[in-house]
Structure formats: C-alpha cells, structure tokens
Amino acid sequence: MSQRPLRVLSLHGYRQDGASFREKTGALRKLLKKQVELVYMTAPHHVTRVCSAGGATGGDLGPVSGSGGPSGSGAEGGGSGGPDPRGWWFSDVEGRSFSAQQRCAESLGLEDSLAAVRAAGEELGPFDGVLGFSQGAALVAVLCALQERDPDPPLRVRFAVLVAGFRSACEGHRGFYAAPLGVPPLGVPPLGVPSLHVFGLDDRVIPDAMSRELLPLFREPAVMEHPGGHFVPASSTHRQTYQDFLSRFL
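Scoring rules and cut-offs
Throughout this document, residue positions are counted from 1 along each chain, in the order its sequence is written. Side-chain atom pairs in this predicted model are given and counted only at pLDDT of 80 or more, local residue features only at pLDDT of at least 70, and totals for whole chains, interfaces and linings cover all residues. To obtain the side-chain values, all non-hydrogen atoms of the structure were used and water was disregarded. Criterion for a salt bridge: a side-chain nitrogen of Lys or Arg within 4 Å of a carboxyl oxygen of Asp or Glu. The helix and strand labels rest on DSSP assignments: H or I over at least four residues marks a helix, E over at least two residues marks a strand, and numbering proceeds from the N terminus.

What follows deals with the pattern of salt bridges. Under the counting rule described, the total for this entry stands at nine salt bridges. Between E37 and R7 there is a salt bridge, with its nearest N and O atoms 3.3 Å apart. Here the residue E37 occupies a position in strand β2 (residues 36-41), and R7 occupies one in strand β1 (residues 6-11), the gap between them amounting to 30 residues. With a closest N to O distance of 2.9 Å, R212 and D208 form a salt bridge. Residue R212 and its partner D208 are located together in helix α5 (residues 208-212), separated by four residues, close to a single helical turn. Through salt bridges with shared partners, a single ionic network connects R4, D128 and R158.

Structure (structure tokens):
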C-alpha cells in the first residue's frame, strides 16, 4: 500500500497570496508530488499596490517559475505577486508596509495572522509540516517557537521548511526567539521542531546572512544552499536534499 503524502501548510511571501504562491511553486509540487501535498492559505492583510520594485514597500521579488533561474528552470520566486497582494504583518504601522530590514518597536497585524493560521489548521488540517517563503518563512519561525512555548499554539507540526527566512527586526517579536545571535542563553534550549533552511547565496532581498541568523535558534537544523537569488529552488539537483529531509517523516 502506498504511503500517504505529507500534508504541508504553505505560507507565501509579502505581496503574494495563496493562489500566486501555488502557481509559482508548481515545479516544487511536481518535484515532490509523491512525498508532499502542499496546501496554500492567504495572509489576512491587504497590501497597498505601489510601483516600487523593492525596499520598504517592495514585495518578494524573484524569477517567475520557468522564466530562467539557475539552469533556466525550477526557479520560483515572488515575481510581481498576485492580483490581491497580502502580507502577514507590517513593520511600518502608519504606512502599512513591510521591510525585513526595518527595525521597529512594534508591528501591526501579526496576531490576526496567527489567528488565520489557527483557523486554517482547524479547517484544512491536520498538517504534518509547514513551509514558508520569505516573510512567510519568518512567520514559520514564530509558529515553531509558539508550538514549544504555548500550551495552545496556533499550529502543531512535525517539521518546518523555511525558504529565504529571517528573524523579524521588530522589537516586539524578540520574545519569540529562543536566543539572541550566537549562543542560546542558559536554560533556554534551541527549538526542537525539525527544520530545513533553504537560502540563495545571491539573494538580494533576504541576504543569506539574514537567513543564517535563524540557524542557532533550532536544534540540528538542516541546510540547503543554492547559488541563486530570492526564490524557492525546485530543480532536479535539489530533489535529494528535500527528499532526505522529508523521508524522516514518511
């Protein structure tokens, strides 16, 4: 009898939505179709459209699937986002915009997004794992922390995949992380949720150094580096790394 595919809740990047992220991860779904069923949801917060190509109001930019990433295929990024661009929270409370590099005392919208993830788990779950891209990956790190520290977390999963993830620069989010940069403080162990961290060495939106800052927060994190930019790698050269990680949960 064939094994049931792992059900994975998928969280898009800033200025994307569930439908656009599903379209842009078509190669990933094809690559892992025997192991994984990706289930997509959309963030609750509408993002105002702007003409900017990045910065505080920019989105998760990257090669569109099949448009010629590394090796000319399998590169899945933010593109221009979907027709209804969304975000998981805003770092600029007054401007209702977001930048991963923006340091802020407080953010807007995270609690609504945690409630939306809880609702998705109740309506579409249960889920074996969670996958996030860019701001969605930053949210995954928060969800992993809550799973271990909150008696009633928004989501319970067996593993997490963080693509182009980062630590939120919002001061109000510091409590979600198990440790400051470097060695965890005495008595606070790393997060035990098994994790795979994927990042590009040429990512101009979320530099790989930002993604590496998440690694000390997890116990024995698996890592996949690729030479490209801000996208979800999904070529045949990446299949084995994904499968080696996922096989632990099949």
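Here the amide bond leading from G125 into P126 is cis, since omega sits at 5°, within 30 degrees of zero. Its place among the elements puts P126 in the loop between α3 (110-124) and β6 (129-133). Non-glycine residue A164 carries a positive phi angle of around 55°. As for its position among the elements, A164 is in the loop between β7 (159-163) and β8 (195-200).

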